[in-house]
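The lines below spell out each chain.
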Amino acid sequence: MDAQYHFIKMSRSSTWAEEETGERMPKKRLSLARRMIPYIIIIILSLALIVAVIVTGLRFNESVKKTENKHSLDLVNGDLDPPPNMPDPAPNSLAVGVIISMNNFDPGSSILSFDMEAFLAKLNDDNGPMDADAIPVCFFVADPDGLSSPLILSINYGNKRNINSTSYNTTADGSISHFPFDTYSGSLVIGAQSLTNATDNSVVPCPEIFDYDRSEASDITVTVLPLYFEIGQDLDSFSAHTSLQQLSENDTLAFFGDGTVLLSATIHRREVVRFFAVLMFITTWLVTLGVVIATTVVLLKNRQTERFDIVAASTALLFALPSLRSATPGIPDTPTVSDAVGYFWQIALLALSTFVLLCHAIWKMMIGKAEEEGANKKIA
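What counts and what doesn't
Residues numbered from 1 in each chain as written. Predicted model: local features only at pLDDT ≥ 70, side-chain atom pairs only at ≥ 80, totals over all residues. Heavy atoms only, no water. Helix = DSSP H or I, 4+ residues; strand = E, 2+ residues; numbered from the N terminus. Contact = heavy atoms within 4.5 Å. Core = buried A, V, L, I, M, F, W, Y, C linked by side-chain atoms within 4.5 Å. Buried < 20%, exposed > 50% of the residue type's maximum accessible area, 1.4 Å probe, protein only. 1 Å grid on protein atoms, 1.4 Å probe; cavity = no way out; pocket = protein on both sides within 12 Å on 5 of 7 lines; lining within 4 Å. Points joined across faces, edges and corners; volume = space filled by probe spheres on them. Nonpolar A, V, L, I, M, F, W, Y, C, P; charged D, E, K, R; others polar. Pairing = 2+ DSSP bridges. Axes fitted to C-alpha atoms, helices over the stretch in contact; angles between N-to-C directions. Parallel < 35°, antiparallel > 145°, perpendicular 65-115°, else oblique. Left-handed = near helix turned anticlockwise from the far one by under 90°. Salt bridge = Lys/Arg side-chain N within 4 Å of Asp/Glu carboxyl O. Expected span 1.5 Å × (residues − 1). Bend = angle between axes of the 7 residues up to and from the residue. pLDDT = per-residue confidence, 0-100.

**Some thoughts on the environment of T266**
Note that T266 resides in strand 12 (residues 261-269). In this structure, the C-alpha to C-alpha distance between T266 and G174, residues 92 residues apart in sequence, is 9.9 Å. Once residues within four sequence positions are removed from consideration, T266 is found in contact with Y184, S185, S239, A240 and H241.

Spelled out as structure tokens, the structure:
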């Protein structure tokens, strides 16, 4: 019993001696799996970053739908689609194919620009209409609000053969002050028809069609042609969603009678642009709040050494904020809602922090100088 007690006592004494001398026992070697964990985490984070970059690039370009200046005259089996509610046309009837490319949008003026191409075709026939079947057709495009002059394209009039193209602008309603979540809505009224004078079988010229009162002109034969559309877009930082609707003859927007089609477009900024704008907004707020918190700590703790470091940081950020705002893609020069809840307040807080820190430094210097003068007077 005494021998066992003596052994335990000696063991404890040796352990305490090692602790007092600061000697450390060799650590147990980590297993291979545990040593690999940091490397696995780094690899996973790197792969996640690569995937995020690739997804961001794909999302940035997914809304771009460029339209080539080519068309298939086979309207049924081609890439052109009719309005969803259009009645089925008769087989092998004439129709007009319309290729529309939205190529520019100016949010400041709310002007949406199109490139348009209209061509006469025969359903289920890739060779196009024969001269005997082709008729002079007037293709019309108008702004429903009447802010732009109607567009008139003549097909098969004189030297204008089966294809004609031009550009057109329309207005879109929206407010740029809601950046980056501003949306704009615009529409076009489109129709294609041919008017023939039954008396002498002459064709009414396209510019004169608007002057005809078809309810009174019994000698005028109206041929309405169905429309097939292909719509593309290349609007840089914007994306557009479009819809087609064939209007009834009694609709107030059916400017061209039966067969008039309403093209509606809703334009908004791409998701990547919105994400970048929100990221810049959050980043500038975080940095600004960091300066404000640092200023508060300096004042409460009366830290002398860090004061001018915070002044330098807040001053640099104060002059950097305008550049950061300008770096946001698509942000307008005029103030927006995001400026009212972000940029203006950030400028004010940074300027106030700089001013308070400088005043605090001057006050401390004055107190220190007064104390020094008082001490000198006592010595004297």
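**What to know about the nonpolar core**
Counting residues in each nonpolar core, the largest one holds 34 residues, and the members touching the most others are V96, F139, I190 and L227. For this core, the secondary structure elements donating two or more residues are strand 1 (94-106), strand 2 (111-122), strand 3 (137-142), strand 4 (151-155), strand 7 (183-197), strand 10 (227-233), strand 11 (238-246) and strand 12. Looking at which element gives the most residues to this core, the answer is strand 1, with six residues. I190 has contacts with I100, F139, F140, V141, L227, F229, F256, G259, T260, V261 and L263, leaving out every residue within four places of it along the chain.

**Observations regarding the layout of surface pockets**
Volume-wise, the largest pocket comes out at about 290 Å³. Along its surface, the largest pocket is lined by 18 residues, and A277, M280, F281, T328 and S338 are the ones closest to its centre. Broken down by secondary-structure element, the contributors of at least two residues to the lining of the largest pocket are helix 4 (271-301), helix 5 (307-327) and helix 6 (337-379). Residues belonging to the lining of the largest pocket are distributed by class as follows: eleven nonpolar, five polar and two charged.

**Some points on the pairing of strand 12**
Where burial is concerned, most of strand 12 is hidden: seven out of the nine residues are buried. Pairing between strand 11 and strand 12: nine bridges, direction antiparallel. By the bridge assignment for strand 12, T242 is matched with A265.

**Remarks on the packing of helix 4 against helix 6**
Where helix 4 contacts helix 6, the axes come no closer than 10 Å and their chain directions differ by 25°. Taken as axis vectors, helix 4 and helix 6 run roughly parallel relative to one another. For helix 4 against helix 6, the interelement crossing comes out left-handed. In contact with F281, T284, W285, T288, V291, V292, T295, V298 and L299 of helix 4, helix 6 contributes S338, V341, G342, W345, Q346, L349, L350, S353, V356, L357 and H360. Looking at side-chain class alone, the contact of helix 4 with helix 6 contains twelve nonpolar, eight polar and no charged residues.

**Structural notes on the sheet that holds strand 5 (residues 163-171)**
Taken together, the four strands give an open sheet; going across it, the order is 5-2-1-10, and neighbouring strands pair in mixed fashion. Lying at the two open borders of the sheet, with one neighbouring strand each, are strand 5 and strand 10. Across the sheet, the mean angle separating the axes of adjacent strands is 20° when strand polarity is ignored.

**A look at the pattern of salt bridges**
The final tally for this structure, using the stated rule, is two salt bridges. Among the ionic pairs, R269 bridges to D182, the shortest N-O distance being 2.9 Å. Highlighted residues: R269 in strand 12 and D182 in the loop between strand 6 (173-174) and strand 7, separated in sequence by 87 residues. Per residue, the accessibility class of R269 equals that of D182, and both read buried. One salt bridge connects R325 with D339, and the closest N-O pair in it is separated by 2.7 Å. Here R325, found in helix 5, pairs with D339, found in helix 6; they are 14 residues apart in sequence, far enough to count as distant. As far as the burial class goes, R325 and D339 line up, both buried.

**A look at helix 5**
An ideal rise of 1.5 Å per residue puts 30 Å on 21 residues; helix 5 measures up with 30 Å between its terminal C-alpha atoms. Considering bend angle alone, the principal kink of helix 5 is centred on A320 and spans about 35°; proline P322 follows within four residues of it. Along helix 5, the residues that are buried comprise R307, I310, V311, S314, L317, L321 and R325. Where helix 5 is buried, its residues touch helix 4 and helix 6.

**Some words on the packing of helix 5 against helix 6**
The description of two helices packed together rests on the angle between their axes and the distance between the axes. One way to put it is that helix 5 packs onto helix 6 with a least axis distance of 9 Å and a crossing angle of 155°. On the basis of their axis angle, the class for helix 5 and helix 6 is roughly antiparallel. The interaxial crossing formed by helix 5 with helix 6 has left-handed handedness. Residues R307, F308, I310, V311, S314, T315, L317, L318, L321, P322 and R325 of helix 5 form the contact with helix 6, whose own contacting residues are D339, Y343, Q346, I347, L350, A351, T354, L357, L358, H360, A361 and K364. Partitioning the contact of helix 5 with helix 6 into residue classes produces 14 nonpolar, five polar and four charged.

**Thoughts on the confidence of the model for the chain**
For the chain, mean pLDDT is 79; residues scoring 70 or higher make up 78% of the total. A low-confidence stretch, residues 1-20 stays under pLDDT 50, and its non-local contacts, those more than four residues away or across chains, total two contacts. Below pLDDT 50 for its whole length, residues 63-73 participates in 36 contacts with residues either more than four positions away or in separate chains.

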